[in-house]
Amino acid sequence: MRGFRPSFRALTLIIVVIWIGVAALYALLKPISNGCIMTYMYPTYIPISTTGVETSAKYGLYLYHEGWKKIDFQEHLKKLSGVPVLFIPGNGGSYKQVRSVAAESDRAFQGGPLERTFYQETYLTPEEGGADMDIASFQLPNRYGYRLDWFAVDLEGEHSAMDGRILEEHTEYVVYAIHRILDQYKESCDAREREGAAGTGSLPKSVILVGHSMGGFVARAATIHPCLRKSAVETILTLSSPHQFPPVALQPSLGRYYESINEEWRKGYEVQTSRTGHYVSDPVLSHVVVVSVSGGYNDYQVRSKLETLDGIVPPTHGFMISSTGMKNVWLSMEHQAILWCNQLVVQVSHTLLSLIDSRTGQPFTDTRQRLAIFSRMLRSGIPQSFNWKMQAQSSWSTNVVKDVKNPSGSQLHALSGCPSNVHWNDDVLERDLYIQTTTVTILAMDGRRRWLDIQELGSNGKSHFIFVTNLAPCSGVRLHLWAEKGTPNSDLPAIKKKVLEVTSKMVQIPAGPAPRQIEPGSQTEQPPPSAVFQLCPEEMNGFRFLTISVAPRLTVSGQPPPANSMAVGQFFNPEEGNTELSPKLMLLSAYSHKDIFLKEDHPLVFNLSFATSLGLLPVTLSLKTAGCGIKSSGLPDEEVDDTETSRLCKLRCFPPVALAWDPTSGLHVFPNLQSETIVVDSSPALWGSTVSEKTTVLLLVDPHCSYQTNIVVSLPGAASRFLLLYGSQIVGFSIAVIFFALMRQARTPPVPSILEVMESNLRIPFPFLALSIVPILISLFLSYLLSQPLPPFMSFTVISVICYLFANGFVILLILVSQWVFYVAAYLHVFIKRRWQLWEGNFCFSFLQWFINLCSGFLSLKVIGVLRANPLYVSVSAAIILSTFVHPALGLFILLLSHALCCHGALCNSLIASFRTHARRMELSDHKTQGNSWSQQFASKPGSPSKENSSSYGQTQEDIFHYRHGLLVLHLLGALMFAPSLISWLQRIGMHQSFPRFVDSSLCICLILHGIFSSEPMFDSSFPFPHVLGQKVRLNFIYLLAGLFSFISALASTPYKAFYAIGAVGAISFALSISPRWTGAPRFGRRRYSLKR
């Protein structure tokens, strides 16, 4: 049969699709090490009585208590006097997931705030309202006066990410739970007063919401719920929560619910005005602060692009931070690990405790103060850009100095950057050292001050200075800028005005594992750096000297000294360490490795700029130590092999560190870099993305050693990132691809197979370029009309075309599999039918036929007869009833069954007709033979097509098969889009059920009508619509418009909107099918294949 053999182009595309799928599966299933420490606890869950709402019988509310002792629940509730925090689990989550963060919150309250360090801290940016904030008056608490009372809602582990109705029910119950928590505090206070206990402060007026995964979106939805009390929610912290779109954006009602909630949030931060434009009130959400925490590139379920708050919450009221750039965390973690990773939950616990005002026992009312606490506690001080030329002058340059005495009795300086309680002994600085080289190295805490002449060492373009160390600021090392060298006989008032301590500019970075001794008693390996300090020319302007003062080992203020000390500083030229890698070079590195050799005395900072985001093309970066001056030390060459060189170089050179920065996901730090896959969680080439798609990687490498750097694109990693980032787009493109195929099928008879038209649409240059490039240009034009930012044209176009090709390959694979299933089933059917005819005279066959006739008596019933006489109405009625009152997917399955039976019957008839034609040809070629098995088995019978019409009959049946097969593939994708929702519905069987959402049911009914009333091939169908460009509007034009709409919806990452196109086509088909019956007019240009008898 025609249309069953794919072309070479189609086979190539299928092989590429299968390879990408297998490679992505390999990368996603490969175990990863996230570096998280397990959190331990002694949990007790105290149920809170909930009555009065319909969902209270299904869901529950619990209070967490940490401790191994058995307690009385009622007595414990009477003592409730802390700050309420409500944990909302995510998709399929449990209320018991609150245990990790709740247990650490209890330990943090008892142990007090984190130990203070003197690294550079992060404050609010001017865009976030930090310009008008008094930083000097902003201090974190020295002790915690109030504990956190952790509550958790039990949502029965329902899959809220798959169904919009479930998400709405969760939102309604969370609103009720917030009210119930606030009422519980009132009940506890009243119970204490009845017992004569003294009051413990004011009752809480708001609840802090902490949501994981979909629980974060539920928290935002509950905040704008019309039934929520005023100011009941003012602070929201979300963990790996999708805010922009649902992670599985397939169900129309789920997508619409997301759109409505996000639109309400956008309006909530706008000033309320009257119709005439007069001021009415402040924004409804002006008191709400939202912080989103992303799990980074290891979170496969929710990407950072979905977790951003851009366009939903203004920068003055919230921000997103990745766990890879979070202070004291620095790790990427899986979707569930973010709940128990000890490094993260400890930081989150101290952050929430710091929000409490010790005077009122409630969270700070000032939104800017709460946002500043989040920023200071979570953000790292590492600069969020590595463009050295654009470094702005920092605010620390206005610090004030104070007077102290040096060992000789002369007054020199002490700076406010280091507090007075962190002091060194009077004999801290034994003698000064004067550095004559651009690189300074410190190997021990020797108590000396090193002087660096900025004018001399910073010449020849080496105007930037960088310093890495494992010494703590203030207690281990101090750095100062001097306008002139201070001496005992200097004019002290003039000197002190020109001396500036810059120790507070040191920023903390994660240190790798502690150094080890190769052999007992031998020298220890160089420790990894834990801090970075940088100065640009603007910051050193007006100063002559830079001093690095190192404390002696015995005078570190109350702190145990590090096992091994290291510090390396260097004046360098940023241009010398810059390397850019083009997309072509990155792709070629997968087959021919890109090597970069760093000789000794190279810049300490090496800047790698990747033209294509590492979120799409992850690279494996390897640094191999090639030398560190060992061969020039006199050792014989035969005694210095690669292994010995590497071992000895570890004693001299500190481990390299890589810092990758991405505009979307922020900072990623890779300490102790040897061979690491560098990946960032960005989403390049998406419609609406305006940020730069380049990824900058900063390497901190010891200038005393030479390195061989190897860069290779990880193909499995690239395949997995491609499917993770653009999976939703591929779904929408797949529907558009099928619409384009149906468009070509609806042109002229005979009906080509769906595989043939798919291959025809891939022809280059046309129609492939027209079908793939035109929708992209339309989307860019729409962005221009709506004044929306335009994405990078080249990358946006290339990625979109690749996704479109992948969708073509996926659909072709689906078509081939379904065709072969139908073909095998039809051959089996024909074979069994042939054997059945041979067994007609057999006794066993007679008995079997008698039994079948006996059982078929049931079919003689009148009701069964009516149903058999009207199979179309039966299938339509059953599908619509199931879609309306049970679940839309069940109705679609009825439609698929109808398509499958029709395809099977048409293919069987086509095969039988072809066998008869073959038998007739054999009769003509062999006159001596009176008949053969084929002619006997497929001889014409009364009521069947004659021999002269067998070929025409087979052609007609083949056309019906190809047409219905195209509809089946389209409707199969539609049914699969509702499969996640069906899974969540099956989970709720036996519980409280509700009717499907109207938008889902109506769209599925339109899809069913399209499958039923477009079940016959129609050619040259013209509709009573206005002509377009002088041409009649035909069915193929309707399919073309539907395909373009689906394509653009996929570009917008909203594939569920493709259902609107399917529904519109179904409604048009239904209206045109019934309009002639109502009006009595002839059908609009409808012409079918007919078989002359």
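Model, not experiment: these values are computed from the prediction.

Another aspect to go through is the overall build of the protein. Of regular secondary structure, the protein possesses 28 helices and 31 strands. Across the 1093 residues in the protein, those meeting the buried criterion constitute 54%. Surface exposure of the protein reaches about 49,200 Å², of which carbon and sulfur atoms provide 58%.

Quick look at the nonpolar core now. Ranked by size, the top nonpolar core spans 120 residues in total, and within it L608, L699 and Y1039 carry the most contacts. Here the element with the most residues in this core is helix α15 (residues 715-745); it accounts for 16 residues. Excluding residues that lie within four positions of it along the chain, L608 makes contacts with T579, L581, I596, L621, T695, T696, V697, L699 and I711. Core analysis: the next-biggest nonpolar cluster, separate from the first, contains 50 residues, Y144, V291, L371 and M377 among them.

Before going further, it helps to spend a moment on the state of the cysteines. Scanning the entire structure with this criterion turns up three disulfides. Note that C36 is cross-linked by a disulfide to C341, the S-S spacing being 2.2 Å. Taking the sign of the S-S torsion, -90° for the link of C36 and C341, the bridge is left-handed. With C36 in the loop between α1 (8-29) and β1 (43-48) and C341 in the loop between β10 (318-322) and α8 (342-354), this pair connects stretches of sequence that are 305 residues apart. In this model, C628 is linked to C649 through a disulfide, with the two sulfur atoms separated by 2.2 Å. Note on the C628 and C649 pair: the S-S dihedral is about -95°, so by sign convention the disulfide is left-handed. Of this pair, C628 sits in the loop between β26 (619-627) and α14 (642-649) while C649 sits in helix α14; the two residues are 21 residues apart in sequence, bridging distant segments of the chain. With relative accessibility at 3%, the residue C628 sits in the buried group.

With that settled, the discussion passes to the confidence of the model for the protein. Per-residue confidence for the protein gives a mean pLDDT of 82; residues scoring 70 or more make up 80%. Within the model, the stretch residues 389-416 combines pLDDT values under 50 with 56 contacts to residues more than four positions away or in other chains. Of the regions scoring below 50 in pLDDT, residues 1081-1093 engages in 32 contacts with residues more than four places distant in sequence or in other chains.

Checked against the element boundaries, I678 lands in strand β29 (residues 675-678). A relative accessible area of 1% means that I678 is categorised as buried. In this structure, the C-alpha to C-alpha distance between I678 and T620, residues 58 residues apart in sequence, is 6.0 Å. Those residues in contact with I678 that sit more than four places away from it in its chain are L614, P618, V619, L621, A660, F670, L673 and V697.

Moving on: the sheet that holds strand β21 (residues 545-550). Strand order in this open sheet of five strands is β13-β15-β21-β17-β18, and the pairing throughout is mixed. Unpaired on one side and paired on the other, β13 (432-435) and β18 (499-501) mark the two borders of the sheet. Going across the sheet, the axis of each strand differs from the next one's by a mean of 25°, ignoring polarity. Sheet topology places strand β15 (residues 449-453) next to β21; five bridges connect them, and they run antiparallel. Residue pairing across strands places L452 opposite L546, the latter belonging to β21.

Spatial strand order, β23-β25-β30-β27-β28: five strands in an open sheet with mixed pairing. Both edges of this open sheet fall to β23 (578-581) and β28 (666-670), since each of them pairs with a single strand only. The sheet shows a mean angle of 20° between the axes of neighbouring strands, direction not considered. Here strand β25 (residues 605-610) runs beside strand β30 (residues 695-700); their pairing, made up of six bridges, is antiparallel. Within β30, the position partnered with V605 by the bridge is L700.

On inspection of all chains with the given rule, the structure shows 25 aromatic pairs. Ring geometry for F733 against Y804: centres 6.5 Å apart, planes inclined by 90°, an arrangement best described as edge-to-face. Here Y804 lies in helix α18 (residues 793-838) and F733 lies in helix α15, a separation of 71 residues in the sequence. Look at F733 and you get buried, because its relative accessible area is 0%. Note on Y804 and F1047: the rings are 5.5 Å apart at their centroids and 45° apart in plane angle, and the pair reads as tilted. Residue Y804 is located in helix α18, and its partner F1047 is located in helix α27 (residues 1035-1051); the two are separated by 243 residues in the primary sequence. Comparing Y804 with F1047 shows no difference in burial state: the two are buried. An aromatic cluster of at least three residues, connected via ring pairs, comprises Y45, Y62, Y64 and Y95. The positively charged end of R220 is found above the aromatic ring belonging to W265, 5.2 Å away from the centroid.

Another aspect to go through is the side chain of S253. Counting through the fold element by element, S253 comes out in helix α6 (residues 252-268). Note on S253: relative accessible area 6%, which makes it buried. At 2.6 Å, the side chain of S253 forms a polar contact with the side chain of D1000.

Scanning the model with the defined rule gives 22 salt bridges in all. Notably, a salt bridge pairs E75 with K78, separated by 3.5 Å at the nearest N-O pair. One end of the pair is E75 and the other is K78, both in helix α2 (residues 73-78) and three residues apart, which spans about a single turn. Taking the relative accessible area as the measure of exposure, E75 reaches 38% and is therefore partly exposed. The salt bridge partner of D190 is K186, with a shortest N-O separation of 2.8 Å. Here K186 and D190 lie together in helix α4 (residues 164-194), a separation of four residues that amounts to about one turn.

On the surface, V774, I778, F781, L782, Y784, L785, L786 and L790 cluster together into a nonpolar patch covering about 770 Å² of accessible area. Within the secondary structure, L786 is located in the loop between α17 (768-785) and α18. Classification of L786 as exposed rests on a relative accessible area of 57%.

In this section: the environment of F1070. In this fold, F1070 is placed in helix α28 (residues 1058-1079). The exposure class assigned to F1070 is partly exposed, which follows from its relative accessible area of 28%. Along the primary structure F1070 and I1012 are separated by 58 residues, whereas in three dimensions their C-alpha atoms are 8.6 Å apart. With residues near it in sequence (within four places) discarded, F1070 still touches L1009 and F1013.

Glancing now at unusual backbone geometry. At the junction of I764 and P765, the peptide bond is cis and its omega measures out at 5° in the coordinates. Here P765 lies in the loop between α16 (754-761) and α17. The phi torsion at N328 lies on the positive side, around 70°, for a residue other than glycine. Considering the arrangement of structural elements, one finds N328 in the loop between β10 and α8. Judged by its relative accessible area of 33%, N328 falls in the partly exposed class. Phi at D601 takes a positive value of approximately 65°, unusual for a residue other than glycine. Mapped onto the secondary structure, D601 falls in the loop between β24 (594-598) and β25.

Definitions and cut-offs
- Think of each chain on its own: its residues are numbered from 1, step by step along the sequence as written.
- Where totals are concerned, whole chains, interfaces and linings use all residues; where local detail is concerned, this predicted model gives features only for residues with pLDDT of at least 70, and gives and counts side-chain atom pairs only at 80 or more.
- For the side-chain quantities, the full set of heavy atoms in the structure was used; hydrogens and water were omitted.
- For helices the rule is a DSSP run of H or I covering at least 4 residues; for strands it is a run of E covering at least 2, with both sets numbered from the N terminus onward.
- Type-normalised accessible area, obtained with a 1.4 Å probe on protein chains alone, sets the label of each residue: buried when under 20%, exposed when over 50%, and partly exposed for intermediate values.
- Note that accessible areas follow from Shrake-Rupley with a 1.4 Å probe, and for residues the cover is restricted to the protein chains shown.
- Take the buried residues of types Ala, Val, Leu, Ile, Met, Phe, Trp, Tyr and Cys, join any two whose side-chain atoms come within 4.5 Å, and each joined set is a nonpolar core.
- Note on contacts: a residue pair is in contact if any heavy atoms of the two residues lie within 4.5 Å.
- Only a pair of cysteine sulfur atoms within 2.5 Å qualifies as a disulfide here.
- Note: pLDDT gives the predictor's confidence per residue, expressed from 0 to 100.
- What makes two strands pair is DSSP finding at least two bridges between them.
- Note on definitions: angles span 0 to 180 degrees between N-to-C directions of axes, and those axes are lines fitted to C-alpha atoms, for helices only across the stretch in contact.
- By convention, a stacked pair of Phe, Tyr or Trp rings (six-membered ring in the case of Trp) has centres within 6.5 Å and planes under 30 degrees apart, an edge-to-face pair has planes over 60 apart, and any other such pair is tilted.
- In this scheme, Lys NZ or Arg CZ marks a charge over a ring once it lies within 6 Å of the ring centre and within 35 degrees of the ring normal.
- The definition of a polar contact used here is a pair of N or O atoms within 3.5 Å, where within protein one atom must be able to donate a hydrogen and the other to accept one, and adjacent residues in sequence count solely through side-chain atom pairs.
- A pair is scored as a salt bridge if a Lys or Arg side-chain nitrogen falls within 4 Å of a carboxyl oxygen belonging to Asp or Glu.
- A patch is a set of surface residues, each over 30% in relative accessible area and not in a salt bridge, joined within 9 Å for like charges and within 5 Å for the nonpolar side chains Val, Leu, Ile, Met, Phe, Trp and Tyr.

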